[in-house]
Amino acid sequence: MKKGALKKVIALFLVFVLIIILKPYDKAAKAEYSVGRNFMKNNVPFDKKLSEIYMLGAHDALTYNITLNIDTSQQASEDGGDLQYLPLLVNNVKYAKAQDADAKTLLENGVRYFDIRLSYDQSSGKWRSSHSFFAGEFAEEAAKIKEFLDENKGEIVILDFQWVYDSRAQDDPSTSASEKGYGNANSYEEIRRIMLNLGLWNYVYNTQNKYPNELTYGQVTNNGTESKVIILTKATNRASTSTSSYYPQAMWRGYYKSQADNARLRSTWHNVSRLTNLISGINSEANTIASTTTYNKMFRVMQAQTNTVVDLSRLSINLVDLIGDAPQIHKGVYEHESFYSWLEKMPIYMVDYATDRTQVTSKNPDMVRTNQHVGPFCEVVIKDLAYKNRGNFSKSVNGIQVLGDNYLVPLSVDVSASRQDFAGDITFKNVEGKTVEKFNINLVSPQNTVVEPLGPLTVRLPLNKMQDPSKVLVLREEDGEYEEVVPRNKDSSYVTFDTDKLGAFVLVEVEKVREADIFFIYAP
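Residues numbered from 1 in each chain as written. Predicted model: local features only at pLDDT ≥ 70, side-chain atom pairs only at ≥ 80, totals over all residues. Heavy atoms only, no water.

Engineer: Please give an account of unusual backbone geometry that cites residues and values.
Structural biologist: One non-glycine residue, Ser132, lies in positive phi territory at about 70 degrees. In this fold, Ser132 is placed in the loop between strand E3 (126-131) and strand E4 (133-137). Even without being glycine, Asn209 reaches a positive phi, approximately 55 degrees. Following the sequence through the fold, Asn209 ends up in the loop between helix H7 (185-198) and helix H8 (217-221). (Helix = DSSP H or I, 4+ residues; strand = E, 2+ residues; numbered from the N terminus.)

This is how it looks when you write it as structure tokens:
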């Protein structure tokens, strides 16, 4: 091959490599469905313990706008380990960028647990999100969280300050030896003042360092009327205590690389780069949690993300593109036959790339039954977790039964059943009928307001006033219009059907079919 041709081939190859490395990710579209935006308000019963709420978590939640500016305070910490050399070896943020959306978009897509690392940037004097590299200012993301809470009542957002790095603390004599390089009391006060000045601190719930199983969703949100922030932090320089010495309102999360029995959170980092090893780690953690009741009182996180492994002793680097690899990890974990068993032990499902729109398939029977089991990961998972949070719903009134699998409680059913006479013609179909019975059925909240169904309900109506139940037609009335409801089952005593809308239902006993497109309902 001639020199000129060889140079062209090499140039084309380098361009291809640069495209792969620098290819931008598609920004996640804001969720247009209310499941994510009102995830807790619409799906969590008031008496559900915080430790038992199923929710989606975002690993390294605020790293969507990460840059190539190396975070030296984090690299100098013990957490960096061999990773501190990685930015020097690979000038690429893909192993550090775990999300592609800002805080508000994550919230609107249903994320309620934020795994956060913050670092003090001495060059700008700002606190920034970080993951080996600096991301954006924390103040900007805190303002977006506050904006979301202003707009949406009844939501709980957990801010887990897993790491707070501050190189200024290196020389602070009040900082313990085990926390050199990490934040001290001054660091945490600066972060608190950021939230205070933005108004976000007004949403912080004073947990009094209770365990999550000692608080319910209703307690924290005043029965769904208020939104709150719960802060988790390991901020304490007194290892003998179980309370945060910096944030009295917060919950103590425990120390790094330890699972203290008196911590308020259990979250095991599996530190693996391959899906098979991750699944093995998740399964092992689930078995550990199941073997004792000690952890039932805590928040329990299923860490379902891989990482970059650097082994300098073997001169090997297993590079990971966190967002690029996430879809395969999501399918492997979420579609695994043991996923729901793991979720029972670890209700907080934490992932990279929480706004991933790769197609996945849910094994939740309620999702399958309602044909919602296939779709983008970020939508299917949120709906799935919503179903898991709901309680079983079953109410019977005057012989009328309303059932909802995994439906929101507490609700009641308001049913007025009366035999009503109709005069005149109703345009519907070319049939004639008689013996009309009308049922007004609604769901009612504890505040005595009518609630729209959040999913399909099963309704069973008695046929005791019908001469020939086999000829019964079920109609749903809305704004003077009628639509036929196809029964799931009909016998001599009851007609059963599924519906995602309640209101007025009319039973008609069909007499004959007419040629005209008019449905005559005769009073008996």
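Alright, that's what it looks like, and here's the rest.
Engineer: I'd love a proper account of the environment of Gln401, names of residues and values included.
Structural biologist: Within the element layout of this structure, Gln401 appears in strand E16 (residues 400-407). Sequence-wise, Gln401 and Pro462 are 61 residues apart; in three dimensions their C-alpha atoms are separated by 9.0 Å.

Engineer: An account of H7 is needed here, citing residue identities and associated values.
Structural biologist: Helix length check: H7 (14 residues) gives 20 Å between terminal C-alpha atoms against 20 Å at 1.5 Å per residue, within 8%. All of the buried residues along H7 are Ser187, Tyr188, Ile191, Arg192, Ile194 and Met195. Seen end-on, H7 carries its buried residues on one side only, within an arc spanning 150 degrees. Among the exposed residues of H7, those pointing more than 90 degrees away from its buried face are Asn186 and Asn197. Of the residues that open H7, the one with a side-chain oxygen 3.2 Å from the backbone nitrogen of Asn186 is Asn184. (Expected span 1.5 Å × (residues − 1). Buried < 20%, exposed > 50% of the residue type's maximum accessible area, 1.4 Å probe, protein only. Arc of directions from axis to C-beta. Polar contact = N/O pair within 3.5 Å; in protein donor to acceptor, adjacent residues only side chain to side chain.)

Engineer: Mind laying out the confidence of the model for the protein, listing which residues take part and the relevant values?
Structural biologist: The pLDDT averaged across the protein works out to 79; a share of 69% of its residues lies at or above 70. Note that pLDDT drops below 50 for residues 13-33; the model gives that stretch 28 contacts with residues more than four away or on any other chain. The low-confidence segment residues 237-244, where pLDDT is below 50, has 18 contacts with residues more than four positions distant or belonging to other chains. (pLDDT = per-residue confidence, 0-100. Contact = heavy atoms within 4.5 Å.)

Engineer: So what about the pattern of salt bridges? Which residues, and what values?
Structural biologist: A side chain with one charge can pair with a side chain of the opposite charge if their charged atoms come near. Summed over all chains, the structure comprises 24 salt bridges. Among the salt bridges present, the one from Glu344 reaches Lys388, with a minimum N-O distance of 3.0 Å. Taken together, the residues Glu344 in helix H11 (residues 339-345) and Lys388 in helix H13 (residues 377-389) connect sequence positions 44 residues apart. Residue class for Lys388 comes out partly exposed when judged on its relative accessible area of 22%. Put simply, Asp498 and Arg488 hold a salt bridge, and the shortest N to O gap is 2.8 Å. With Asp498 in strand E25 (residues 494-499) and Arg488 in the loop between strand E23 (481-484) and strand E24 (489-490), this pair connects stretches of sequence that are ten residues apart. Among the ionic contacts, a cluster of salt bridges with common partners joins Asp102, Glu141 and Lys144. (Salt bridge = Lys/Arg side-chain N within 4 Å of Asp/Glu carboxyl O.)

Engineer: Which residues make up the pairing of strand E5 (residues 156-165), and what are the values?
Structural biologist: When you tally the buried positions in E5, you get ten out of ten residues, the bulk of the element. Alignment of strand E2 (residues 111-121) against E5, held across seven bridges, turns out to be parallel. By the bridge assignment for E5, Phe114 is matched with Leu159. Sheet topology note: the E5/strand E6 (residues 228-233) ladder contains six bridges and is parallel. Counted as the bridge partner of Ile156 is Lys228 from E6. (Pairing = 2+ DSSP bridges.)

Engineer: Would you mind going over the packing of aromatic side chains in detail, with residue names and values included?
Structural biologist: Summed over all chains, the structure comprises eleven aromatic pairs. Arranged with centres 5.3 Å apart and planes meeting at 75 degrees, the rings of Phe339 and Tyr340 form a pair that is edge-to-face. Residue class for Phe339 comes out buried when judged on its relative accessible area of 1%. A relative accessible area of 18% means that Tyr340 is categorised as buried. Each residue in the set Tyr334, Phe339, Tyr340, Tyr349 and Phe377 is aromatic and connected to the rest through ring pairs, giving one cluster. One residue, Arg192, lies across the ring of Trp201, its end atom 5.5 Å from the ring centre. The ring of Tyr494 carries the charged tip of Arg460 above its face, separated from the ring centre by 4.0 Å. (Phe/Tyr/Trp six-rings, centres within 6.5 Å; stacked < 30°, edge-to-face > 60°. Lys NZ or Arg CZ within 6 Å of the ring centre and 35° of its normal.)

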